[in-house]
Amino acid sequence: HVGKLQEGLDKTTDRTGKLEDAFKVDHQHLLKLEKEVKENQEDMHNLAETLRKKVQEDINNIRDDMARAELEMKHMKADQDALKDAVGNDRENLRLANLKIKEHDD
C-alpha cells in the first residue's frame, strides 16, 4: 500500500507542478494582454484627442470662412444698393432731360 500511496503522491506532485507551470504561463499571457489593452487605451485616447483638435480646428476655419462670406455678401448688397440708387438717379435725370428737351421743342 505504501508503494501505491507513494506513486499516487508522485503523480499528484507531477500534476501540481504542471498546473503551476500552466498557471505561470497563463499569468504571463494575462499580464501581456493587460499591457496591450492599456497601450491600446492610450492610443485610442491620443487618437480621439487628435481627432477632437482637428475637428475643432476645421469648425473654427469653417466659421471664419462663413464670417468672411457673410461680410462679403453685406458689401455686395451695399454695392448693389448703391448701383440701384445710381441707376434710379440716372433714370430720373434722363426723364428730366427728356422733359426739358420736349419743353424746348414745344
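Placed above this text is the structure.
Before going into details, it helps to say that this report is about the structure given with it. Quick caveat: nothing in here was measured; it's all calculated off a predicted structure.

1. Thoughts on the overall build of the protein chain
Line of reasoning, step 1. Tallying secondary structure elements over the protein chain gives one helix and zero strands in all.
Line of reasoning, step 2. Over its C-alpha trace the protein chain gives a radius of gyration of 45 Å, far above what one expects of a compact globule, namely 13 Å for 106 residues.
Line of reasoning, step 3. Based on the C-alpha atoms only, the size of the protein chain along its principal axes is roughly 150 × 15 × 10 Å.
Line of reasoning, step 4. Across the 106 residues of the protein chain, 0% fall into the buried class.
Line of reasoning, step 5. Within the structure as shown, the protein chain displays about 10,300 Å² of accessible surface, and the carbon and sulfur contribution to it stands at 58%.

2. Notes on a negative patch on the surface
Line of reasoning, step 1. A surface patch of negative charge is lined by E36, E39, E42 and D43.
Line of reasoning, step 2. Relative to the helices and strands, D43 resides in helix α1 (residues 2-105).

3. Describing the environment of A67
Line of reasoning, step 1. With respect to the element layout, A67 can be found in helix α1.
Line of reasoning, step 2. Judged by its relative accessible area of 45%, A67 falls in the partly exposed class.
Line of reasoning, step 3. Taking C-alpha positions, A67 is 34 Å from D90, a pair spaced 23 residues apart along the chain.

What counts, and where the lines are drawn
Residues numbered from 1 in each chain as written. Predicted model: local features only at pLDDT ≥ 70, side-chain atom pairs only at ≥ 80, totals over all residues. Heavy atoms only, no water. Helix = DSSP H or I, 4+ residues; strand = E, 2+ residues; numbered from the N terminus. Rg over C-alpha atoms; globule rule 2.2 N^0.38 Å. Buried < 20%, exposed > 50% of the residue type's maximum accessible area, 1.4 Å probe, protein only. Areas by Shrake-Rupley, 256 points an atom, 1.4 Å probe, with all protein chains shown as cover. Patch = residues over 30% accessible without salt bridge, like charges linked within 9 Å, V, L, I, M, F, W, Y side chains within 5 Å. Salt bridge = Lys/Arg side-chain N within 4 Å of Asp/Glu carboxyl O. Lys, Arg positive; Asp, Glu negative; His and termini not counted. Charge placed at Lys NZ, Arg CZ, Asp CG, Glu CD.

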